[in-house]
Each structure stands twice: as structure tokens, then as C-alpha cells.
Amino acid sequence: MDFIRGFLPGGVSRRLDRYLAGVEFPLNKGQLISKLRENKVPGLVVSQLDKRLPAGEYSSAAEVLTALKQR
């Protein structure tokens, strides 16, 4: 999560919410990563999220953020 905090200045949750704009939940990790790529999220952020986000299904952006904070 430290990398994510450093790369997303101005508030992790605010920036993550912008990246997740238009994402319809629920979706699994693979679908989420694909959607982030479609949303033109910087590759470094996508690769770190892919690496750090646990596998599973997510029902909201808040749930994604919670999962990242637990890592």
C-alpha cells in the first residue's frame, strides 16, 4: 500500500475512485484489472494493483480500497 499511497498523491481513495469511474460492480480481480487498463490507468499503478490486490470478487470501489489497505 505504501507504493500506492506514494503514487496517488492527493488521497488514495479519491484517485482510485476516479480510476474506477464507470466500473460496474460486482467483478472479480481479473475483470477489475482489465477495466483499469480500459480506463487508461497508468501501467505502473495497474501492475502494482494486480500484484497487491487479493484474488476474489469485489462489490464496490470501497471494498477494493479496503482490500488494499489490509495488504
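The structure under discussion appears in the preceding block.
Because the structure is a prediction, the values reported are computed rather than measured.

1. Considering the overall build of the chain
Each helix and strand in the chain was counted, giving five helices and two strands. Of the regular secondary structure in the chain, the N- to C-terminal order runs α-α-β-α-α-β-α. Buried positions account for 35% of the 71 residues belonging to the chain. Summarising the internal contacts of the chain: among those between residues at least 6 apart in sequence, 54% fall at separations of at least 24. Just so you have it, the chain exposes about 4200 Å², and 48% of that area is on carbon and sulfur atoms.

2. Comments concerning the side chain of K29
Note on placement: K29 falls in helix 3 (residues 29-38). What makes K29 buried here is its relative accessible area of 17%. Ignoring any residue separated from it by four or fewer positions in sequence, one finds K29 in contact with L49, D50, L53, P54, A55, G56 and Y58.

3. Considerations on the pattern of salt bridges
One pass over the structure, following the stated rule, counts two salt bridges. Taking the shortest distance from any N to any O, the salt bridge between D50 and K29 comes out at 3.7 Å. A residue pair is termed long-range when its members are at least 10 positions apart, and D50 in helix 4 (residues 43-52) and K29 in helix 3 qualify at 21 residues. Owing to a relative accessible area of 32%, D50 belongs among the partly exposed residues under this scheme.

4. Description of the nonpolar core
Among the nonpolar cores identified, the biggest contains 19 residues, and L16, L20, L32, L36, L49, L53 and V64 are the most heavily contacted of them. Listed by contribution, the elements that provide at least two residues to this core are helix 2 (12-19), helix 3, helix 4 and helix 5 (61-69). The dominant element in this core, judged by the number of residues it contributes, is helix 5, at five residues.

The rules behind these values
Residues numbered from 1 in each chain as written. Predicted model: local features only at pLDDT ≥ 70, side-chain atom pairs only at ≥ 80, totals over all residues. Heavy atoms only, no water. Helix = DSSP H or I, 4+ residues; strand = E, 2+ residues; numbered from the N terminus. Buried < 20%, exposed > 50% of the residue type's maximum accessible area, 1.4 Å probe, protein only. Contact = heavy atoms within 4.5 Å. Areas by Shrake-Rupley, 256 points an atom, 1.4 Å probe, with all protein chains shown as cover. Salt bridge = Lys/Arg side-chain N within 4 Å of Asp/Glu carboxyl O. Core = buried A, V, L, I, M, F, W, Y, C linked by side-chain atoms within 4.5 Å.

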